[in-house]
Amino acid sequence: MKFVPWSLLLFHIFFFIGKIRAIPCPKEKPIELASHKFMFFNILHGGEERIFKIKSYIEDQKVTFLAMSELNHWKKEDLQKFGDELGLSYTLFLSTKHGYHLGVASYYPLILISKENDSFWHHGYIYVHVKQLNVGIFVTHLSPHNLIVRRWEASQILEIWQDTIPHVPLLV
């Protein structure tokens, strides 16, 4: 097993806690999301033997919405079971060709806007709308290897948002 320093592992954990204001279109009023927690967690190679600690950490945070990347060796059913155990029963799983899958789990029902796992996207993406919160959430793992690809992926996120539900605030 490869040793991963804690600083690197913590670098892969991104989460938003506390008051969050989604950035709306100019015509919309800001949506107060202070009572909700959104987390993005790169679980690094499927979580391996750390999965119980990862699950415990997520439970402690009491998140409303969880996005995960690097779900290596996971299947749709694994994500559903993981989400159910966390009280996040609405899930979507994106299987990718290279095995670095993406997944989302939510307390509220999810409306799939679009998803992609073709070769243009390094890790693919899942784009959902959480109607009860009136927020769109775009989940991806940008290319770690190439700045030009990352810039293209970022521009595509904005383009996809503008082409679908631009009146709804977007979390990325």
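Up top you'll find the structure we're talking about.
Keep in mind that what you see is a predicted model, and the values were worked out from it rather than measured.

About the cut-offs
Residues numbered from 1 in each chain as written. Predicted model: local features only at pLDDT ≥ 70, side-chain atom pairs only at ≥ 80, totals over all residues. Heavy atoms only, no water. Helix = DSSP H or I, 4+ residues; strand = E, 2+ residues; numbered from the N terminus. Buried < 20%, exposed > 50% of the residue type's maximum accessible area, 1.4 Å probe, protein only. Contact = heavy atoms within 4.5 Å. Areas by Shrake-Rupley, 256 points an atom, 1.4 Å probe, with all protein chains shown as cover. Polar contact = N/O pair within 3.5 Å; in protein donor to acceptor, adjacent residues only side chain to side chain.

For the protein chain, the count of helices and strands is four helices and nine strands. Considering the protein chain as a whole, with its 172 residues, one finds that 47% of them fall into the buried category. When contacts within the protein chain are restricted to residue pairs at least 6 apart in sequence, those whose partners lie at least 24 apart make up 52%. Surface accessibility of the protein chain: about 9900 Å² in total, with carbon and sulfur atoms responsible for 60%.

Right, let's get into the environment of Tyr90. Take Tyr90: it is sitting in strand β4 (residues 90-94). With 20 residues separating them in the primary sequence, Tyr90 and Leu110 have C-alpha atoms 6.5 Å apart. Residue contacts for Tyr90: discarding those within four places in its chain leaves Val104, Ala105, Ser106, Tyr107, Tyr108, Pro109 and Leu110.

Glancing now at the side chain of Thr91. Within the element layout of this structure, Thr91 appears in strand β4. You can call Thr91 buried: its relative accessible area is 18%. There is a polar contact of 2.6 Å between the side chain of Thr91 and the side chain of Gln80. When residues no more than four places from it in sequence are discounted, the contact partners of Thr91 are Leu79, Gln80, Gly83, Val104, Ala105 and Leu110.

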